[in-house]
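For reference, the chains in residue letters:
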Amino acid sequence: MRKCTRSKGLLLAVGLLSIASCASGPLIVEWHQTGPVEYGMDVPSLERAIGYPIMAPGSRGDDFCAMVPLTIGVQEVYVMIGGEQIVRIDVEEPGLLTREGVGVGDPIEAVLAAYPDAIQTKHEYVDGFYLTVSAPPEDGPEIRLVFETDQTQVTGYRAGLLPFVGWIEGCS
């Protein structure tokens, strides 16, 4: 069982933030949210939920995009802001799992066992591939999980809303 802790963070315009987690159990990546981060919520709502501003006022707009690092419990993730909304979360280190128990470092077979309908496409940069999973229809047609892999294991994954979750280079 994970021990729940509260970390302290430093904010400098777009900086590292900390969020208490595990209040009701281990933190997991859900179809609609991860901890206090809900896909589709507006930036002011996330700032109220975590108790910190994540960006300087006036630094956003309809065509704005940014990847903001957050620490949730002891896990660092990146949150993508698209326009005025939180549109995805990226996990690049082991520790944070999906509801089905898959995370960074797991073998490709674990992804395929948990998500048998995953669609495989060639990776753009390494000798591996992407495994893309659509949310169940009742959770919305615009939500996806995208696992990045090498030839043997998950090297990172992201969850969130289309089209943002499909962008392979973050906001670039």
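Residues numbered from 1 in each chain as written. Predicted model: local features only at pLDDT ≥ 70, side-chain atom pairs only at ≥ 80, totals over all residues. Heavy atoms only, no water.

Chemist: An account of the overall build of the protein is needed here, citing residue identities and associated values.
Modeler: What the protein contains, in helices and strands, is two helices and 12 strands. When burial is assessed residue by residue, the protein has 43% of its 172 residues classed as buried. A separation threshold of at least 6 residues defines the contact pool for the protein, and within that pool the share at least 24 residues apart is 47%. (Helix = DSSP H or I, 4+ residues; strand = E, 2+ residues; numbered from the N terminus. Buried < 20%, exposed > 50% of the residue type's maximum accessible area, 1.4 Å probe, protein only. Contact = heavy atoms within 4.5 Å.)

Chemist: Please set out the nonpolar core residue by residue, giving values where relevant.
Modeler: Membership of the largest hydrophobic core comes to 42 residues, with the highest contact counts inside it found for V29, I54, I86, Y115, L145, F147 and Y157. Elements with a minimum of two residues in this core: helix 1 (43-50), strand 5 (65-72), strand 6 (75-82), strand 7 (85-91), helix 2 (108-114), strand 10 (129-134), strand 11 (143-149) and strand 12 (154-161). (Core = buried A, V, L, I, M, F, W, Y, C linked by side-chain atoms within 4.5 Å.)

Chemist: I'd like a rundown of the pairing of strand 7, residues and numbers included.
Modeler: Within strand 7, six of the seven residues are buried, which leaves the element mostly enclosed by the surrounding structure. Here strand 6 runs beside strand 7; their pairing, made up of five bridges, is antiparallel. Paired with G82 across the strands is Q85, a residue of strand 7. The turn joining strand 6 and strand 7, which pair antiparallel and follow one another in sequence, is formed by two residues; a positive phi near 70 degrees is taken by G83. Strand direction decides the pairing type here: strand 7 and strand 12, joined by four bridges, are antiparallel. Its bridge partner being in strand 12, R88 is matched across the sheet by G160. (Pairing = 2+ DSSP bridges.)

Chemist: Can you lay out the layout of surface pockets for me, pointing to particular residues and giving the numbers?
Modeler: In this structure, the second largest pocket encloses a volume near 170 Å³. Around the second largest pocket, the lining comprises 15 residues; the ones closest to its centre are R88, D90, E92, E148 and R158. Residue assignment for the lining of the second largest pocket shows that the elements contributing at least two residues are strand 7 and strand 12. At four residues, strand 12 tops the list of elements feeding residues into the lining of the second largest pocket. Of the residues belonging to the lining of the second largest pocket, the class tally is six nonpolar, three polar and six charged. (1 Å grid on protein atoms, 1.4 Å probe; cavity = no way out; pocket = protein on both sides within 12 Å on 5 of 7 lines; lining within 4 Å. Points joined across faces, edges and corners; volume = space filled by probe spheres on them. Nonpolar A, V, L, I, M, F, W, Y, C, P; charged D, E, K, R; others polar.)

Chemist: I'd like a description of the state of the cysteines, backed by residues and values.
Modeler: Applying the stated criterion across every chain, the model contains one disulfide. A sulfur-sulfur distance of 2.0 Å marks the disulfide that ties C65 to C171. Taking the sign of the S-S torsion, -70 degrees for the link of C65 and C171, the bridge is left-handed. Taken together, the positions of C65 in strand 5 and C171 in the segment after strand 12 put the pair 106 residues apart, joining distant regions of the chain. (Disulfide = S-S within 2.5 Å.)

Chemist: How would you explain the confidence of the model for the protein if you had to name every residue and give the values?
Modeler: Counting all residues, the mean pLDDT for the protein is 81, and 81% of those residues have values of 70 or more. Element-level mean pLDDT values for the protein span from 37 in strand 1 (residues 17-19) up to 97 in helix 2. A low-confidence stretch, residues 1-24 (pLDDT under 50), is modelled with 56 contacts involving residues beyond four sequence positions or located in other chains. (pLDDT = per-residue confidence, 0-100.)

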